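# Structural overview
Chain by chain, the residues:
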Amino acid sequence: MNHSTLTRRRARLYATLTLMLVTLAAWLRGDNVTDDRGSDSSEKALMIILAITIGGSVSAAAIAYVATKTSLFK
């Protein structure tokens, strides 16, 4: 093995261990939630409907854009 391979393996190991440590710390910290400011179900339903509507309109705009660009080549 050459030096660059060892350096890449060390960097990957360091990144993996750091990510695991940060994930564990966040998970442990999340156990003691003192304030739950959850919204009620009607607000959640409104957000879901809004997200679906925006997603549909963005998809329709993208399809229309691609259709106009492909029609130029016919």
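These numbers come from a predicted model, not from an experiment.

## A few points about the overall build of the protein chain
Looking only at helices and strands, one finds two helices and zero strands in the protein chain. Relative to its 74 residues, the protein chain shows a buried fraction of 0%. Within the structure as shown, the protein chain displays about 7100 Å² of accessible surface, and the carbon and sulfur contribution to it stands at 68%.

## Section: a nonpolar patch on the surface
On the surface, a cluster of nonpolar side chains totalling about 380 Å² of accessible area is made up of Met 47, Leu 50, Ile 54 and Val 58. Within the element layout of this structure, Leu 50 appears in helix α2 (residues 41-71).

The rules behind the values
- Residues numbered from 1 in each chain as written.
- Predicted model: local features only at pLDDT ≥ 70, side-chain atom pairs only at ≥ 80, totals over all residues.
- Heavy atoms only, no water.
- Helix = DSSP H or I, 4+ residues; strand = E, 2+ residues; numbered from the N terminus.
- Buried < 20%, exposed > 50% of the residue type's maximum accessible area, 1.4 Å probe, protein only.
- Areas by Shrake-Rupley, 256 points an atom, 1.4 Å probe, with all protein chains shown as cover.
- Patch = residues over 30% accessible without salt bridge, like charges linked within 9 Å, V, L, I, M, F, W, Y side chains within 5 Å.
- Salt bridge = Lys/Arg side-chain N within 4 Å of Asp/Glu carboxyl O.

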